[in-house]
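# Notes for the structure review
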There are 2 protein chains.
Amino acid sequence: MKTLIVHAHPEPASLNGALKDLAVSTLEAAGHEVRVSDLYAMGWKAVVDAADYGADASTPLKVAADSGRAFDAGTLTPDVRAEQEKLLWADTVVFQFPLWWYSMPAILKGWVDRVFTYHFAYGVGEHSDTRYGERFGEGTLAGRRALLSVTTGGLEPHYADRGINGPIHDLLFPIQHGIFYYPGMEVLPPFVVYGADRMTGEDFPDVAKAWEQRLLTLESTEPIAFRPQNLGDYEIPSLRLKEGLEPAGRSGFGLHVRP
Amino acid sequence: MKTLIVHAHPEPASLNGALKDLAVSTLEAAGHEVRVSDLYAMGWKAVVDAADYGADASTPLKVAADSGRAFDAGTLTPDVRAEQEKLLWADTVVFQFPLWWYSMPAILKGWVDRVFTYHFAYGVGEHSDTRYGERFGEGTLAGRRALLSVTTGGLEPHYADRGINGPIHDLLFPIQHGIFYYPGMEVLPPFVVYGADRMTGEDFPDVAKAWEQRLLTLESTEPIAFRPQNLGDYEIPSLRLKEGLEPAGRSGFGLHVRP
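Residues numbered from 1 in each chain as written. Chains lettered and ligands numbered in written order. Predicted model: local features only at pLDDT ≥ 70, side-chain atom pairs only at ≥ 80, totals over all residues. Heavy atoms only, no water.

### A short note on the packing of aromatic side chains
- Applying the stated criterion to the full structure yields 37 aromatic pairs over all chains.
- With centroids separated by 6.4 Å and ring planes inclined at 50°, the aromatic side chains of Y102 of chain A and Y159 of chain A adopt a geometry described as tilted. Linking Y102 of chain A in the loop between β3 (92-98) and α5 (106-115) with Y159 of chain A in the loop between β4 (145-151) and α6 (168-171), this pair joins segments that are 57 residues apart in sequence. The exposure classification of Y102 of chain A matches that of Y159 of chain A, with both residues buried.
- Where F95 of chain B meets F180 of chain B, the ring centres are 4.1 Å apart and the plane angle is 25°; that geometry is what we call stacked. Highlighted residues: F95 of chain B in strand β3 (residues 92-98) and F180 of chain B in helix α7 (residues 173-181), separated in sequence by 85 residues.
- Take F180 of chain B: its relative accessible area is 0%, and that puts it in the buried class.
- The ring of W44 of chain A carries the charged tip of R114 of chain A above its face, separated from the ring centre by 4.9 Å. (Phe/Tyr/Trp six-rings, centres within 6.5 Å; stacked < 30°, edge-to-face > 60°. Helix = DSSP H or I, 4+ residues; strand = E, 2+ residues; numbered from the N terminus. Buried < 20%, exposed > 50% of the residue type's maximum accessible area, 1.4 Å probe, protein only. Lys NZ or Arg CZ within 6 Å of the ring centre and 35° of its normal.)

### Quick notes on helix α1 (residues 15-29) of chain A
Residues and elements named next belong to chain A.
- For α1, with 15 residues, the first-to-last C-alpha span of 21 Å sits near the 21 Å given by 1.5 Å per residue.
- What α1 keeps buried is the set N16, G17, L19, K20, L22, A23, V24, T26 and L27.
- Each element contacted by the buried residues of α1 is listed here: β1 (2-7), β2 (33-38), β3, β4, β6 (191-193) and α8 (204-216).
- Taken from the residues just after α1, G31 is the one with a positive phi, measuring 90°. (Expected span 1.5 Å × (residues − 1). Contact = heavy atoms within 4.5 Å.)

### Considering the pattern of salt bridges
- Inspection of every chain in the model, using the stated rule, returns 28 salt bridges over all chains.
- Put simply, D113 of chain A and K109 of chain A hold a salt bridge, and the shortest N to O gap is 2.7 Å. Residue D113 of chain A and its partner K109 of chain A are both found in helix α5; the two are separated by 4 residues, about one turn of the helix.
- Here D113 of chain A falls in the buried class, since its relative accessible area comes to 9%.
- Note that K20 of chain B is salt-bridged to D21 of chain B, the shortest N-O span being 2.9 Å.
- For D21 of chain B, a relative accessible area of 41% translates into the label partly exposed.
- Taken together, the shared-partner salt bridges connect K45, D49, D52, D79 and R114 of chain A into one network. (Salt bridge = Lys/Arg side-chain N within 4 Å of Asp/Glu carboxyl O.)

Next up, the structure:
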């Protein structure tokens, strides 16, 4: 297994830092290859701007078109090209981050915004009467697995089906489905540590054990059964789920997971 | 009306730039006061790190606790304090941004991550057997309105109830409910321009007219009826919605909107 860990926390001596370190040591001890993109340590530039596309930046700037032209020409900035190469090298990508305001820290969102360029992660494949690009189950990153390892300040019941924050699987849907399934990755069920701010050193061994267990079973874990776009579940080009495919009582994001 | 516009697009001559400019001119012509935080033009620092808290940064860094201590001491960086002051000045805040990867651009997420500090936007109010802080309907920003003005590359049916991206109101729930309702803002229904990358100059007048109409009716627009945390709809401390309050057939994020 070749695993890329994308890590987004400013403090090495944090729970997130400890979970990242444990992932590296656990996977390496099991004989796997591991690479780490520690975004804070790398001083990752979080913000998309014209400098990302150099001479390929148009006036006015067109983020999608310009990023696609720079990708095609091989003229994206070295930091972005390096991340794209790591993604192509990996068969498994672990994202380690704290859930800040119900989403990724800005530095990680900026990694997505800059690395997932047009022609690399979107705008891939034929658009026709029967296909609307290669995405949601197909695409550049097909055949790879993604796994979110997330810590939250809030407690588990707050993220349950009736919890005030909304269900964790719905909060993560825009990330798991919209970002990682989109360019073709299979997304494994997330590893979530709740109530992180209240944890003490005494709680860590149980968390560590659960995390090691997930890491050592990555290859046999079933991914979330998101529906592929181009294999018959959706009308094209409206991309609406065909009538009758949903399980009784399911609505919203849940429609896009096969029963 | 005192409106703050928080704008997040790298290109002034873009659809987002035009919508921001139109908001300024429309509101000012109607006699309202307007301030703009143009994050790209300001060179906004997107990434939370120890430099945000100066001498209040602990070792190891604790983002929540350290940001709260710096907020209490008035020692947050001047850029963050200026944004907090603008939020307190405003009665209405418009967020203008393109939906990149189903969420905010990193620069805007970094505005939230850095400006919405502990004791300002969270960790506010009493935590007891009957209250779990002042949030979700109460808090520092109570009495203010928030409005998202968003452009998408994808087409409207892709964001409909059965659309492959998921319903737009669910995609925006982590932002509208989790970020802006959380510290007490009332959130108006969003203004969404779909298929932005395919728009031509000929399409703009219709969009502009619709946007002006929304801007000129901000004060009479009903907010989304998110459920307040502390007024009886939720069990405390589990913060689960009480049984029997949901309309038939509603689940997921929709549970947290009153019928």
